[in-house]
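# Descriptive analysis of the structure
Chain by chain, the residues:
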Amino acid sequence: MRYAIANNKGGAGKTTVALCLADALAARGRRVLMVDMDPQANLTRRLGYAESDLSSMVTTSEVVRENRTGCAAEAVIGCRWLVPWAERIDLVPSRFDLENRVPEAGQLGTHLRLARGLDGVTDDYDVVFLDCPPSLGHLTQLSFAAADGVIAPVVAEYDHVAGATRVRDFLTASAQHLDRPGLALVGVIVNAQDRRRGLHTWHLGSLRDLFGDLVWTPPVPSRSVLAEAMDAAAPLRAQTGSVARDLVTIFDELADRLVSTNAAA
């Protein structure tokens, strides 16, 4: 199953959530492919690749430009985390020039180029995550056209909730135009929840009103150890201390929900 990770608002924690879910799934023996569809390339960096590493590599930009069945196989590289389960995580990396694919949006059939490039390549994986930029433009639409479902991370604040709502409404109105009729939001993950803030508590309730059972539990609390792991390009599961262990447990539960969603699909 392929999942686009999307929110039409930056700062929702899309990359963090995708990485921590991959961490949890790989630790239990699942093979995971990460596809970085954001020109900021934060996912690529957090899996261990500096910008200087990418100058001679095949990236998502070339995969989309090539428009050839299965060509993403030429871009797949391994995760560089120094933990045993990292061998079960692979990456199709990104760099800043992925932005060059955006002007191609008006060309007939370009929304299918990523799906075509991934065709056959993803058969070797249990789960694929497509990390989208914070927009509903061409790069995100490429990801939607290659996805089986969409997961929206949100911070429990108005702008993030509105961003997730726009994703849901866009899919309802436009999935058929991306040759993915029936593509829909399958999960909303609350990220960086701060129980001390009444605003967060109130919006958590509004999220349940808006999305019902699509809101996955438990919410991910705001903790510095998670930000520190992402900054250090290291897996959450390798961090020490009780706070890190609590976060690992939360992402294990969210991974369980993903697996059950996978099985039901």
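This text goes with the structure placed above it.
We now turn to the structure provided with this report.

## What about the overall build of the chain?
Looking only at helices and strands, one finds nine helices and eight strands in the chain. C-alpha atoms of the chain, sized along the principal axes, occupy 50 × 45 × 35 Å. Of all 265 residues assigned to the chain, the portion counted as buried reaches 56%. Pairs at least 24 apart in sequence give 80% of the contacts found in the chain among residues at least 6 apart. Here the chain holds 27 positive side-chain charges and 32 negative ones, and the gap between their average locations is 3 Å.

## What to know about the sheet that holds strand S5 (residues 127–131)
Sheets are built from strands that pair by backbone hydrogen bonding, the pairs being arranged parallel or antiparallel. As summarised here, the arrangement of the eight strands in space is S3-S4-S2-S5-S1-S6-S7-S8, forming an open sheet in which the pairing is mixed. Because the sheet does not close on itself, it has two edges, and the strands there are strand S3 (77–78) and strand S8 (215–216). Pairing between strand S2 (residues 32–36) and S5: five bridges, direction parallel. Among the inter-strand pairings, aspartate 36 is bridged to a residue of S5, identified as aspartate 131. The strands touched by helix H6 (residues 158–174) within the sheet are strand S6 (149–154) and strand S7 (185–190), with S6 carrying the most contacts at an inclination of about 165°.

## Observations concerning the packing of helix H1 (residues 14–27) against helix H9 (residues 242–264)
It is the contact of H1 with H9, at a shortest axis distance of 9 Å, that shows an interaxial angle of 85°. For the element pair H1 / H9, the angle class is roughly perpendicular. Together, Val17, Cys20, Leu21, Ala24 and Leu25 of H1 and Phe251, Asp252, Leu254, Ala255, Leu258 and Val259 of H9 make up the contact between the two elements. Class assignment of the residues belonging to the contact of H1 with H9 gives a composition of ten nonpolar, no polar and one charged.

## Focus on the nonpolar core
With 46 residues, the main nonpolar core has Val35, Leu114, Leu130, Phe144, Val150, Val167 and Leu207 as its most contacted residues. The element best represented in this core is H6, accounting for five residues. Contacts of valine 150, omitting those with residues within four sequence positions, involve Ala4, Ala6, Phe144, Val167, Leu171, Leu183, Ala184, Leu185, Val186 and Gly187. Membership of the second largest hydrophobic core comes to 44 residues, among which are Ala26, Leu47, Ile77 and Phe129.

## A look at the side chain of aspartate 38
Turning to its location among the elements, aspartate 38 is positioned in the loop between S2 and helix H2 (42–46). Despite being buried, aspartate 38 has no salt bridge partner; lysine 14 is the closest side chain of opposite charge, sitting 6.0 Å away. Only 2.9 Å separates the side chain of aspartate 38 from the backbone nitrogen of glutamine 40, close enough to count as a polar contact. The residues touching aspartate 38, leaving out its near neighbours within four places in the chain, are Ser94, Leu98, Asp131, Cys132, Pro133 and Pro134.

## Considering the pattern of salt bridges
Under the definition given, this model contains 15 salt bridges. Of the charged contacts, one joins glutamate 87 and arginine 88 as a salt bridge, the two residues approaching to 3.9 Å between their closest N and O atoms. As a salt-bridge pair, arginine 168 and aspartate 169 come within 3.1 Å of each other at their nearest N and O atoms. Here the salt bridges share partners, and the residues they tie into one network are Asp23, Arg28, Arg237, Asp252 and Asp256.

## Focus: the packing of aromatic side chains
In this structure the tally under the stated criterion is one aromatic pair. Summarising the aromatic geometry, the rings of phenylalanine 144 and phenylalanine 170 are spaced 6.0 Å apart at their centres and angled 45° between planes, so their arrangement reads as tilted. Placement of the pair is phenylalanine 144 in helix H5 (residues 138–145) and phenylalanine 170 in helix H6, with a sequence separation of 26 residues. Among the residues examined, phenylalanine 170 registers a relative accessible area of 17% and is labelled buried.

## Description of the pairing of S2
With respect to burial, S2 is a largely interior element, five of its five residues being buried. Residues Val32, Met34 and Asp36 line one face of S2 and the alternating positions Leu33 and Val35 line the opposite face, and both faces are buried. Across four bridges, the pairing between S2 and strand S4 (residues 89–92) is parallel. Residue valine 35 lies in a different strand from S4, and its bridge partner there is valine 92.

## Observations regarding H1
For H1, spanning 14 residues, the distance from its first C-alpha to its last is 20 Å, which sits close to the expected 20 Å at 1.5 Å a residue. Counted residue by residue, H1 has 13 buried out of 14 residues, so it is predominantly covered.

## Here's the deal with the environment of asparagine 42
On the secondary structure map, asparagine 42 appears in helix H2. Judged by relative accessible area, asparagine 42 falls into the partly exposed class, the value being 30%. As a C-alpha pair, asparagine 42 and threonine 16 span 26 residues in sequence and 9.4 Å in three-dimensional space.

Scoring rules and cut-offs
Residues numbered from 1 in each chain as written. Predicted model: local features only at pLDDT ≥ 70, side-chain atom pairs only at ≥ 80, totals over all residues. Heavy atoms only, no water. Helix = DSSP H or I, 4+ residues; strand = E, 2+ residues; numbered from the N terminus. Buried < 20%, exposed > 50% of the residue type's maximum accessible area, 1.4 Å probe, protein only. Contact = heavy atoms within 4.5 Å. Lys, Arg positive; Asp, Glu negative; His and termini not counted. Charge placed at Lys NZ, Arg CZ, Asp CG, Glu CD. Pairing = 2+ DSSP bridges. Axes fitted to C-alpha atoms, helices over the stretch in contact; angles between N-to-C directions. Parallel < 35°, antiparallel > 145°, perpendicular 65-115°, else oblique. Nonpolar A, V, L, I, M, F, W, Y, C, P; charged D, E, K, R; others polar. Core = buried A, V, L, I, M, F, W, Y, C linked by side-chain atoms within 4.5 Å. Salt bridge = Lys/Arg side-chain N within 4 Å of Asp/Glu carboxyl O. Polar contact = N/O pair within 3.5 Å; in protein donor to acceptor, adjacent residues only side chain to side chain. Phe/Tyr/Trp six-rings, centres within 6.5 Å; stacked < 30°, edge-to-face > 60°. Expected span 1.5 Å × (residues − 1).

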